[in-house]
Amino acid sequence: QVQLVESGGGLVQPGGSLRLSCTASGSIFRIVSMAWYRQVQGKERDLVASINAGGNINYADSVKGRFTISRDNAQNTVYLQMDSLKPDDSAVYYCNVYAYYTNRQWDAFWGQGTQVAVSS
């Protein structure tokens, strides 16, 4: 169906920046929305930012003004630019895509996750 490949995680000092990317491939008929979630071990997976086909964007309050989500529709890729990173941003970040894989069938797809660690 649809496969997601993420990249861009790593270790960064507080105040630093990272850029995550996620590319969707496979049997894609139409992408409805793309988003980033994050999860700390033992806690629920939380929405960080989302962008839909119309370009509407939502951010979690904790990242507003620091993170920027964008997408390249031609490349089926979503990005998350993370600036002014804090230790509390440390988590595994997951890409999420809602997509039609036929003209009638759709599903939610998840990436494998990429680790972000913010520490001095």
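Hey, could you run me through the sheet that holds strand β1 (residues 2–7) in this one?
Within a sheet, adjacent strands bond to each other through the backbone by hydrogen bonds, running parallel or antiparallel. Here 4 strands make up an open sheet; going across it, the order is β1-β3-β8-β7 and the pairing antiparallel. Edge positions in the sheet fall to β1 and β7 (67–72), since each has one partner strand and no second. Strand-to-strand twist across the sheet, computed as the mean angle between neighbouring axes with direction ignored, equals 15°. Summarising the sheet, β7 and strand β8 (residues 77–82) pair through 6 bridges and their orientation is antiparallel. Looking at the pairing, Ser70 lines up with Tyr79 of β8.

Which parts of the structure should I look at to understand the nonpolar core?
Ranked by size, the top nonpolar core spans 28 residues in total, and within it Trp36, Leu80, Met82 and Tyr93 carry the most contacts. Only β1, β3 (18–26), β4 (30–39), β5 (46–52), β7, β8, β9 (91–100) and β11 (114–118) provide two or more residues apiece to this core. Of the residues forming this core, the biggest block, 5 residues, is contributed by β9.

Explain the state of the cysteines here, please?
Here a disulfide denotes one covalent bond, and it connects the sulfur atoms of two cysteines. Scanning all chains against the criterion turns up 1 disulfide. Note on cysteine connectivity: Cys22 is disulfide-linked to Cys95, with sulfurs 2.1 Å apart. Between Cys22 and Cys95, the disulfide has an S-S torsion of -80° and is therefore left-handed. One end of the pair, Cys22, is in strand β3; the other, Cys95, is in strand β9, with 73 residues separating them in the sequence. You can call Cys22 buried: its relative accessible area is 0%. Exposure remark for Cys95: the relative accessible area of 0% places this residue in the buried category.

Sorry, what's going on with the pairing of β7 here?
Along any regular strand the residues' side chains alternate between the sheet's two faces. A one-sided burial pattern is seen for β7, the buried positions being Phe67, Ile69 and Arg71 and the unburied ones Thr68, Ser70 and Asp72. In textbook terms, the turn of a hairpin is the stretch between consecutive antiparallel strands, and for β7 and β8 this stretch comprises 4 residues, one of which, Asn76, has a positive phi near 50°.

Just checking my understanding: could you explain the layout of surface pockets for this structure?
The probe, sized like a water molecule, is rolled over the atoms to show the empty space still left. When its volume is computed, the largest pocket comes out at roughly 160 Å³. Mapped by element, the contributors of at least two residues to the lining of the largest pocket are β4 and β5. Sorting elements by how many residues they give to the lining of the largest pocket places β5 first, with 3 residues. Split by residue class, the lining of the largest pocket holds 5 nonpolar, 3 polar and 5 charged.

Explain the pairing of β4 here, please?
Looking at chain direction, β4 and β9 are connected through 9 bridges and run antiparallel. Bridge pairing in β9 links Ala35 to Asn96. Pairing geometry for β4 and β5, over 6 bridges, is antiparallel. Across the sheet, residue Ala35 finds its bridge partner in β5, namely Ser50. Counted along the chain from β4 to the antiparallel partner β5, the turn is 6 residues long, and its residue Gly42 has a positive phi close to 90°.

Reading guide: rules and limits
Residues numbered from 1 in each chain as written. Predicted model: local features only at pLDDT ≥ 70, side-chain atom pairs only at ≥ 80, totals over all residues. Heavy atoms only, no water. Pairing = 2+ DSSP bridges. Helix = DSSP H or I, 4+ residues; strand = E, 2+ residues; numbered from the N terminus. Axes fitted to C-alpha atoms, helices over the stretch in contact; angles between N-to-C directions. Core = buried A, V, L, I, M, F, W, Y, C linked by side-chain atoms within 4.5 Å. Buried < 20%, exposed > 50% of the residue type's maximum accessible area, 1.4 Å probe, protein only. Disulfide = S-S within 2.5 Å. 1 Å grid on protein atoms, 1.4 Å probe; cavity = no way out; pocket = protein on both sides within 12 Å on 5 of 7 lines; lining within 4 Å. Points joined across faces, edges and corners; volume = space filled by probe spheres on them. Nonpolar A, V, L, I, M, F, W, Y, C, P; charged D, E, K, R; others polar.

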